Amino acid sequence: MQLTQKEKDLLKDLKGEEELCIQKYTKHASCAKDPQLKNLFSQIAQIEQGHLNTIMQINEGSVPQPSGGSTVSPTFTETYSQGETEDKKADCYLCSDLLNTEKHASSLYNTSIFEFSDENARNALNHIQKEEQEHGKMIYDYMSKNNMYS
């Protein structure tokens, strides 16, 4: 597959976004107070690494088949009640930061999907975008269950 300069530029942006996602999820997993959140962030970091690998392969001219199906959303138990604690505030900050990161990543994938001429590349990017949206949904679900989302 021959990439246009615009496609190469978009892949460079997507690569940077995925690297940032991996760094944030890894760092935030180590900072999270709730073990459920640590686990969630660690799992998503691994998925983000897969996204980065896909972007790198596309950049090298080959499009891998999307791996796996949709991510199954975990069921969370309530850790934090209505009241405010320092741990709850800290975990809420981490969730809010990553939710905004996912919104940005999904938007970048949306733009890229429209700019790629190769149908297989568009399908791969669309698959990643759907997973980014699912990550955002999981974070939202955690926040909602723990009285962090208003």
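Everything below is about the structure shown above.
All residue numbers refer to positions counted from 1 along the written sequence of the respective chain. Only residues with pLDDT of at least 70 get local features here, since the model is predicted, and only at 80 or more are side-chain atom pairs given and counted; chain-wide, interface and lining totals rely on the full set of residues. By convention in this description, side-chain values take in all heavy atoms of the structure and omit both hydrogens and water.

Caption draft 1: Highlighting the side chain of Glu 17. Secondary structure elements are taken from DSSP: a helix is a run of H or I of four residues or more, a strand is a run of E of two residues or more, and numbering for both begins at the N terminus. Tracing the backbone shows Glu 17 in helix α1 (residues 5–31). Here Glu 17 occupies a buried position and makes no salt bridge, while the nearest side chain of opposite charge, Lys 24, is found at 7.2 Å. Contact definition: two residues touch when any of their heavy atoms are within 4.5 Å. In this structure, Glu 17 is in contact with Thr 101, His 104, Ala 105 and Leu 108, ignoring residues within four places of it in sequence. Relative accessibility thresholds used throughout: buried, under 20% of the residue-type maximum; exposed, over 50%; partly exposed, between the two (1.4 Å probe, protein chains only). Only four residue types enter the charge count: Lys and Arg as positive, Asp and Glu as negative, with His and the chain ends excluded. The rule for a salt bridge is simple: a side-chain nitrogen of Lys or Arg has to be within 4 Å of a carboxyl oxygen of Asp or Glu.

Caption draft 2: Representation of the packing of helix α2 (residues 35–59) against helix α4 (residues 119–145) within the structure. Contact geometry of α2 with α4 gives a least axis separation of 11 Å together with a crossing angle of 170°. The pairing of α2 with α4 is recorded here as roughly antiparallel in orientation. The interaxial crossing formed by α2 with α4 has left-handed handedness. Contacts from Gln 36, Leu 37, Leu 40, Ile 44, Ile 47, Glu 48, His 51, Thr 54, Ile 55 and Ile 58 in α2 reach Ala 124, Leu 125, Ile 128, Glu 131, Glu 132, His 135, Met 138 and Tyr 142 in α4. Charged means Asp, Glu, Lys or Arg here, nonpolar means Ala, Val, Leu, Ile, Met, Phe, Trp, Tyr, Cys or Pro, and polar covers whatever is left, Gly included. Partitioning the contact of α2 with α4 into residue classes produces 11 nonpolar, four polar and three charged. Between the N-to-C directions of two axes lies an angle of 0 to 180 degrees, each axis being a line fitted to C-alpha atoms and, for a helix, fitted only over the stretch in contact. What sets the label is the angle itself: under 35 degrees gives roughly parallel, over 145 gives roughly antiparallel, 65 to 115 gives roughly perpendicular, and the rest give oblique. By definition, turning the near helix anticlockwise from the far helix through less than a right angle yields a left-handed crossing, and turning it clockwise yields a right-handed one.

Caption draft 3: Local environment of the nonpolar core. We call a set of buried residues a nonpolar core when its members are Ala, Val, Leu, Ile, Met, Phe, Trp, Tyr or Cys and they connect through side-chain atoms within 4.5 Å of each other. Residues Tyr 25 and Phe 41 are the most contacted members of the largest nonpolar core, which totals 21 residues. Those elements giving two or more residues to this core turn out to be α1, α2, α3 (86–115) and α4. Setting aside residues no more than four positions away along its own chain, Phe 41 makes contact with Tyr 25, His 28, Ala 29, Ala 32, Leu 94, Cys 95 and Leu 98. Counting residues in hydrophobic clusters, the runner-up holds 14 residues, among them Leu 10, Ala 124, Leu 125 and Ile 128.

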